Structure formats: C-alpha cells, structure tokens
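Descriptive structure summary
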Amino acid sequence: MERDGLSEHLIRTPQDLIRIKRDRGAWSRADIADLVKGITSAAIDDAQLGALAMAAYLNGLNSREVASLTLEVASSGRVLKWDKSGLQGPVVDKHSTGGVGDTVSLILAPILAAVGCHVPMISGRGLGITGGTLDKLESIPGYNCYPDLQHFVETVQKVGMAIAGAGRLAPADRRLYAVRDATATVDSVGLITASILSKKLAEGLDALVLDVKWGSGAVNRDRPAGRNLSESLREVADLAGLPVSIVLSEMDQPLSPAVGNALEVRLAIDYLCGRARPERLHALVLKLGEAVLEAAGESDRFSQVEAALEDGSAAEVFGRSVAAMGGPSDLISKPDQHLEEAPLSAPLCADHSGRIETMDAAAIGRLVCELGGGRIHAADRIDHAVGVSELASVGDPVESGQPIARIHVRQERELHPALDRLREAISVAEE
Ligand code: URA
C-alpha cells in the first residue's frame, strides 16, 4: 500500500509513522526524515521507537525505504570530508556483520594503512555472542574509543588509521540500535543495511569491503540469509554511490584460534609481528584486503601487502595508532606488560585420536560471553582477560591427550564447567 505523493510534505506524529508501518504501508522519504529527526531530537520516545522498529521488522522495508533510512541516518550527524591533497592514498574501510574470533579489523586496518590507504574505522561493541572491536580495543589500557572527532581525523591523516566508536557520526543509529537490541528487532535485513551503511557513508569513504558472515556464530544463520543481506547492502551502496566489494564468509567455527578481548588483541599483535599467521584468518585478511583495494581502483597496492607484514610496517602502524588513541606506546614490543591475563587457564585435551569434525562457533561465543567476555545485559562490564585461545580448526588431526584449546577464566569454580562446555562445543571424529 504505497501512499500518494500529496502526503509527502506532511509532518507526521510518531503515532502516524507507527500506524503506517503497522498497517503495512510504506514510509515516504519525508516520513523517514521526520522519523530520523524524531530519533535525534528525542521527539520520538523509546516506546514509540520500539514500536516503529517492531513494525519495520514484522512488515519489512522496501528498497526505497531502506535507501532513504540509510541516507537520513548517515546525515544525522557529522559527515567526514577528506582533503585529498593531504592524503597519500584512498580512504577505505572494511566492516563485518559480526562473528566469533573475528579479529580481522585489528589486522586489516594497519595493513591497509601501511600500503598507503587511510582507514577511518567506525566500529561497534559486542553484540550477543559476537565480539566487538571496541570491546577488544578497550582491553588496551588507556585506549580511548571516543576521542574528539578532530583528533580521530588527524590520526587517520597522519598515522593512516584510527578505530573508534561512532560518536558524532550517524548518532541516530546509536539510539535506534540500542532500542533494536532491547526489542529483539536487530535481525532485520533492512534495519541492518541502514545501520551498517549509514555509519560507513558518514566516514566519507572512497571504497568499502563488507564481510557478510553466515553460520551458527553469525546473525545470518545460513548462506542464503547471508546472500540476501549482501544483495540489500549492494543495492543501497550502489544507490548511495559508494564503491563496495562484498565477501561472504563462513562462521560455523570461530575464525581464529582466539576468542576473547585481550586474547584477540594479543593474537592480532602476534599476527602483525609474524609470530602467528593462522591459515583461515590469514586467507580472509588477504581476500578482504584485495577486495577493498579493487573497489577503490587501487589493486596495485595489493602487491605491497606482504612486504608491509614482513618488514614490520603494519605492526608499527598499529602501535602508533594505539598510542595516538591513548594506549601505551610500547604495546607491540611489550604486549605482556599491558594486556591483562586471566588468573586461571587450562588446556582442553582431546579424549581420543581422530580429526576435529565440528567446532560450534555459537556455543564457544556464548561460553566466552557468559564467562564475562561479552554482555548478557547492556550495562554489564566486560572482563577483557577471559576467553579461549589455541583453538584447533575443523579438519585438524589430533592425538588422544593433545591440547585442542585453552580456556582462560577469572574464578576457580568456573574452570571445570567451562572446560566441559568447551568439550561439548568441539567434536572429534575417530578415523
Ligand atoms: N552491525 C551494525 O552496525 N548494525 C547492525 O544492525 C548489525 C550489525
């Protein structure tokens, strides 16, 4: 039921907007502009916003509505405009729809900066069982996820990368997102598309790569759901004129051997310094890097990626960016001195020989979350030290008694139940 153009310029009450969507109508661009103004000015209260989100979740948004919502949310705050004369390469970013052990942002941003790109990465917090880059970065003492916008911009210009929360960029998304989280309306293709792309459009990018995850540890439970979200993201990015590459990646098992905030930062540092290059993580980092450089029309820079890893320049960029954001200046050379370790850790050993058959990303993500590594309630404090490390991968051969993972917990009473839960999440098939 599309409404005619005559009503385009009427200013709706929140109740009008709810009624339109409740009755399966479509919002006009003017309605959506009112909606977003109502979100930022608080003229729409939380109960009304919850009803709006639920109506949109249940009755869907057409592609014109999703595009309008994306553009209105993108312009609800500051939109970055880069002075290209002061930059040595394109302004690019990557965004993932969220996974377990997905440490890619902490690795790919410095690699891209080391090959001459500029990465103004706006990231989020953990969501349910999936980890959040801001929570990971806050395991670094002093790291300020909400710097002054000018300082964020200058860090991107001078160092090549900075990772922070949205702050004054797309502020309407923060409020809408919090209400969606509280009203079980996160997993709507239209709302996810608008939420992700609005923040990326506000970054003023030349190109973006989207890592759309599917599997037990992702918002998209299977590949068709991932494809569906990819199509929506592509359509709106095209309409907004943002060059985008989309990579669909599996999230049935954790992406990397570490799940947990400080453990993932530690792994990212080990990766950048060449002490650990887990195969699946490395393959995805390269694939996403290549895709974003291609979208930016700068494929030539991909040949410099290996050198940036081997000569330590990517690690150095990460260290400088952390220091610029308030973290210690020697994090890269002395990670043990700065990243907290959980008081207790123990290996999980295979109880028979065979091959790792499955590794349930959702169960492992839930376990880490319940140990304190994620939030059960929005106001929960994160325990940055807990988690799982040294995780084997599906397909790995194992001997009876061989360690296949290590659990890190805060309290003695958690250790054995956590090991049991981890054992249940990993199955070893006898050969
Ligand atoms: N990530 C976002 O930024 N927004 C969503 O809605 C889902 C994932």
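Let us look at the structure shown here. These numbers come from a predicted model, not from an experiment. (Residues numbered from 1 in each chain as written. Predicted model: local features only at pLDDT ≥ 70, side-chain atom pairs only at ≥ 80, totals over all residues. Heavy atoms only, no water.)

**Topic: the packing of helix H4 (residues 63-74) against helix H10 (residues 223-240)**
It is at 10 Å that the axes of H4 and H10 come closest, and there the two elements cross at 60 degrees. One finds that H4 runs oblique with respect to H10. Here H4 and H10 pass one another in a crossing that is right-handed. On the side of H4, the interface is formed by Ser63, Val66, Ala67, Thr70 and Leu71, while H10 contributes Glu235, Val236, Leu239 and Ala240. Of the residues contributing to the contact of H4 with H10, the split by class is six nonpolar, two polar and one charged. (Axes fitted to C-alpha atoms, helices over the stretch in contact; angles between N-to-C directions. Helix = DSSP H or I, 4+ residues; strand = E, 2+ residues; numbered from the N terminus. Parallel < 35°, antiparallel > 145°, perpendicular 65-115°, else oblique. Left-handed = near helix turned anticlockwise from the far one by under 90°. Contact = heavy atoms within 4.5 Å. Nonpolar A, V, L, I, M, F, W, Y, C, P; charged D, E, K, R; others polar.)

**Details of the site of the ligand**
Surveying the vicinity of the ligand reveals the residues His95, Tyr177, Arg180, Ile192, Ser195, Ile196 and Lys199. In the model, a nitrogen atom of the ligand is placed 2.6 Å from a nitrogen or oxygen of the Ser195 side chain. With respect to the ligand, the side chain of Lys199 contributes an N or O atom lying 2.5 Å from an oxygen atom. Out of a free accessible area of 240 Å², the ligand has 91% covered by protein chains. Contributions of two or more residues to the shell around the ligand are made by helix H8 (171-182) and helix H9 (189-202). Tallying contributions element by element places H9 first for the shell around the ligand, with four residues. Considering only residue class, the shell around the ligand consists of three nonpolar, two polar and two charged. (Near = heavy atom within 4 Å. Polar contact = N/O pair within 3.5 Å; in protein donor to acceptor, adjacent residues only side chain to side chain. Areas by Shrake-Rupley, 256 points an atom, 1.4 Å probe, with all protein chains shown as cover.)

**Regarding the environment of Gly25**
Checked against the element boundaries, Gly25 lands in the loop between helix H1 (14-22) and helix H2 (29-41). Note: C-alpha distance between Gly25 and Leu61 (36 residues apart in sequence) is 9.3 Å.

**Notes on the sheet that holds strand E5 (residues 244-250)**
Here we have three strands laid out as an open sheet, ordered E1-E4-E5, and parallel in their pairing. Of all the strands in the sheet, just strand E1 (92-96) and E5 have a single pairing partner and so form its edges. Strand-to-strand twist across the sheet, computed as the mean angle between neighbouring axes with direction ignored, equals 15 degrees. Inspection of the sheet shows strand E4 (residues 207-214) paired to E5 by seven bridges, in the parallel sense. (Pairing = 2+ DSSP bridges.)

**Describing the layout of surface pockets**
When its volume is computed, the second largest pocket comes out at roughly 380 Å³. Residue assignment for the lining of the second largest pocket shows that the elements contributing at least two residues are helix H11 (261-272) and strand E10 (403-409). If you tally residues by element for the lining of the second largest pocket, the top one is H11, at five residues. For the lining of the second largest pocket, the per-class residue count stands at eight nonpolar, three polar and seven charged. (1 Å grid on protein atoms, 1.4 Å probe; cavity = no way out; pocket = protein on both sides within 12 Å on 5 of 7 lines; lining within 4 Å. Points joined across faces, edges and corners; volume = space filled by probe spheres on them.)

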